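Coordinates in review
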There are 2 protein chains.
Amino acid sequence: MDQETKELRKAGLKVTHPRMRILQIFEEAEERHLTAEDIYKRLLSHQEDIGLATVYRVLTQFEAAGIVMKHNFEGGQAVYELDRGKHHDHMIDVDSGKVIEFMSEEIERLQHEIADRHGYVIEDHSLVLYVRPKKKR
Amino acid sequence: MDQETKELRKAGLKVTHPRMRILQIFEEAEERHLTAEDIYKRLLSHQEDIGLATVYRVLTQFEAAGIVMKHNFEGGQAVYELDRGKHHDHMIDVDSGKVIEFMSEEIERLQHEIADRHGYVIEDHSLVLYVRPKKKR
DNA sequence: TTACGTGCAAAACTTTTGCATGGAC
DNA sequence: GTCCATGCAAAAGTTTTGCACGTAA
């Protein structure tokens, strides 16, 4: 039994063609971060007959099942990435649109400290740096 | 000449009724963070005849002029707040929807350090903590 | 007077939903 | 066979735009 099938079964989801193909799209893709539209277009270009509504439904289920993470960066469309388990934040090159992942134990620690100081516990968080390449000189 | 007029003039914007009223709505509001819809509803309740499209147009101009800041928190609608100049990040109580502002020099410093290490400079950034009140015991 | 601003309605865009059919187990 | 999943089209929700009219400077 292949990896995708296992992943779907584990999530208690029926193993259907759209779900398999969407998982594969993520695995094949160069970029880790894709919009629903990106995925839909790639399916179309492989002559797949899968509706955009299905893409959204599948992504929503995948998110609930912890298979993907959804991010609301600037610019209307939500982006999704496979949830590989290791938490990280994002840096977006505003010139090229490239997404860089990073992780700082130190920032994580400070966030918890701040929330705690205000009487809260962190449920989730979102840190995005919008960056531009340093000028060389 | 009052404060609102001064602010609009400084931004090179004509002093019109909708622009004045929208500035005032921000100043009167208990919450610092309002959606376009929030503002529109408050105008309606004051019997103002200002269209929602105008609210969006004015907010967009205000953002370009540095009068307000726009945030894309989770949940579809963008929120706007007056730009008082002092940078801060946000903590959102997911139970009540309450928005708490905070600021950490330490986190700011680490962000720059990380961007720099990757060969970038930070153009802008967004840090939002989604939190829940600590359980008492 | 003239360029810019506004209200209204329609359009654009992303995402969700209703419904009849199809497919996994 | 049963229940969940899907495609399609339509709806919903937010934001933008076209256009004719209005108004600040």
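Residues numbered from 1 in each chain as written. Chains lettered and ligands numbered in written order. Predicted model: local features only at pLDDT ≥ 70, side-chain atom pairs only at ≥ 80, totals over all residues. Heavy atoms only, no water.

The name given to chain A in an unreviewed UniProt entry is Ferric uptake regulation protein, and the organism recorded there is Luteibacter yeojuensis. The record held by UniProt for chain A lists under Sequence similarities (unreviewed entry) the comment "Belongs to the Fur family." Turning to chain A, the UniProt record has this under Subunit (unreviewed entry): "Homodimer." (UniProt positions renumbered as here; feature names shortened; annotations may be inferred.)

Notes on helix α2 (residues 17-28) of chain A
Residues spaced three or four apart along an α-helix face the same direction, because each turn holds 3.6 residues. All names here are of chain A. Here α2 spans 16 Å end to end across twelve residues, near enough to the 16 Å set by a 1.5 Å rise per residue. Burial in α2 covers these residues: R19, M20, R21, I22, L23, I25 and F26. Buried residues along α2 sit against α1 (3-10), β1 (34-35), α3 (36-45), α4 (52-64), β2 (68-71) and β3 (79-82). (Helix = DSSP H or I, 4+ residues; strand = E, 2+ residues; numbered from the N terminus. Expected span 1.5 Å × (residues − 1). Buried < 20%, exposed > 50% of the residue type's maximum accessible area, 1.4 Å probe, protein only. Contact = heavy atoms within 4.5 Å.)

Some points on the protein's contact with DNA strand D
In the region of DNA strand D, 20 residues are neighbours, and T16(A), D49(A), T54(A), Y56(B) and Q77(B) sit closest. Close to the protein, within 4 Å, the atoms of DNA strand D are drawn from sugar and phosphate at a rate of 74%. Between DNA strand D and T16(A) there is a distance of 2.6 Å, counted from a phosphate oxygen to a side-chain nitrogen or oxygen. R57(A) places a side-chain nitrogen or oxygen 2.9 Å from a base nitrogen of DNA strand D. Elements with a contribution of two residues or more to the surface near DNA strand D: α2 and α4 of chain A together with α4 (52-64) of chain B. (Near = heavy atom within 4 Å. Polar contact = N/O pair within 3.5 Å; in protein donor to acceptor, adjacent residues only side chain to side chain.)

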